[in-house]
Amino acid sequence: PQKDKMDSERVYRALLNAVFKRDYESNASLVAEVVKQELGLESSVEEVDSLMQLTAQLLKNGAEGDLSLSAFEEEARKLGLVDTQVLAATKFWKANKEKIVTIVRKRSTWNDSLGKFSWRIDIKSRIRASNEELNEPTSIMEVNVQKSNNQEEGKIIRFEMNKDQLTAALHQINSLQKVIDEIAQK
């Protein structure tokens with residue numbers, strides 16, 4: 001029986017799965033020699049390893065850029081994959097994009113992160129023991145802080161801010177946004 005070539009859709013799909021399992025599911029045993037043997041390829045171990053490295057780069061670029069299907073296809077073509085490999089890669093990306101992007105995000109988060117943020121404005125109209133009208137707005141904030149290891153429930157923090165505190169906080173957020181925008185433009 002004739003052995004499959006590395007540019008066939010079936011073989012490349014299997015190679016994609018091997019790279020995914022090795023790089024994103026921590027299965028270190030899936031090296032080029034094993035993949036070559038499992039797929040029954042006539043290509044050299046070096047050729048299989050080279051294609052696996054190229055495929056790993058494609059998946060990395062796709063995950064880091066959170067690429068759309070068309071952008072991923074374009075990236076695959078830029079890397080020099082043939083049409084059958086591009087077809088297999090785009091089908092694979094369509095089925096596994098969310099899983100891969102989620103894994104990359106989890107790996108790149110080492111501190112606690114903001115899971116949810118909600119707020120509301122309350123106006124205190126009167127204190128029960130006094131007839132004094134206040135009409136002072138306060139903001140009530142609720143922040144859900146997620147643990148980076150995802151093993152524990154997030155921690156909910158609630159607090160109030162008056163107008164001056166809220167103004168100062170918004171000023172800090174706007175300053176932070178300007179710095180992020182400057183860095184993003186470089």
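Let us look at the structure shown here. This is a predicted model, so every value here is computed, not measured. (Residues numbered from 1 in each chain as written. Predicted model: local features only at pLDDT ≥ 70, side-chain atom pairs only at ≥ 80, totals over all residues. Heavy atoms only, no water.)

**A closer look at helix α2 (residues 32-39)**
So, step 1. For α2, the complete set of buried residues consists of Ala32, Val35 and Leu39. For α2, the buried positions fall inside an angular range of 65 degrees around the axis, keeping them on one side. Opposite the buried face of α2, by more than 90 degrees, sit the exposed residues Glu33, Gln37 and Glu38.
So, step 2. In this structure, the buried side of α2 is in contact with α1 (9-24) and α3 (45-65).
So, step 3. In the segment just after α2, Gly40 is the residue with positive phi, at about 65 degrees. (Buried < 20%, exposed > 50% of the residue type's maximum accessible area, 1.4 Å probe, protein only. Helix = DSSP H or I, 4+ residues; strand = E, 2+ residues; numbered from the N terminus. Arc of directions from axis to C-beta. Contact = heavy atoms within 4.5 Å.)

**With respect to the packing of helix α4 (residues 69-78) against helix α5 (residues 83-107)**
So, step 1. Remark: α4 packs on α5, axes separated minimally by 9 Å, with the N-to-C direction vectors making an angle of 145 degrees. Between α4 and α5 lies a crossing whose hand is right-handed. For the pair α4 and α5, the contacting residues are Leu69, Phe72, Glu73, Ala76 and Arg77 in the first and Asp83, Val86, Ala89, Thr90, Trp93 and Lys94 in the second.
So, step 2. When the residues that make up the contact of α4 with α5 are grouped by side-chain class, the tally is six nonpolar, one polar and four charged. (Axes fitted to C-alpha atoms, helices over the stretch in contact; angles between N-to-C directions. Left-handed = near helix turned anticlockwise from the far one by under 90°. Nonpolar A, V, L, I, M, F, W, Y, C, P; charged D, E, K, R; others polar.)

**Regarding the environment of Ala32**
So, step 1. Along the chain, Ala32 falls in helix α2.
So, step 2. By relative accessible area, Ala32 is classed as buried at 7%.
So, step 3. As for Ala32 and Leu51, which are separated by 19 residues in sequence, their C-alpha atoms are 9.1 Å apart.
So, step 4. In this view, Ala32 contacts Val45, Val48, Asp49 and Met52; residues no more than four positions away in its chain are not counted.

**Observations concerning a nonpolar patch on the surface**
So, step 1. Taken together, the side chains of Leu114, Phe117, Trp119, Ile121 and Ile123 make up a nonpolar region of the molecular surface, amounting to roughly 580 Å² of accessible area.
So, step 2. By the secondary structure assignment, Ile123 is in strand β1 (residues 113-126). (Patch = residues over 30% accessible without salt bridge, like charges linked within 9 Å, V, L, I, M, F, W, Y side chains within 5 Å. Areas by Shrake-Rupley, 256 points an atom, 1.4 Å probe, with all protein chains shown as cover. Salt bridge = Lys/Arg side-chain N within 4 Å of Asp/Glu carboxyl O.)

**Some points on α4**
So, step 1. For α4, every residue scored as buried is listed here: Phe72, Glu75 and Ala76. Around the axis of α4, the buried residues are gathered within 100 degrees of arc, so they sit on the same side. Opposite the packed face of α4, turned more than 90 degrees from it, sit the exposed residues Ser70 and Lys78.
So, step 2. On its buried side, α4 packs onto α3 and α5.
So, step 3. Gly80 sits one or two residues past α4 and shows a positive phi near 95 degrees.

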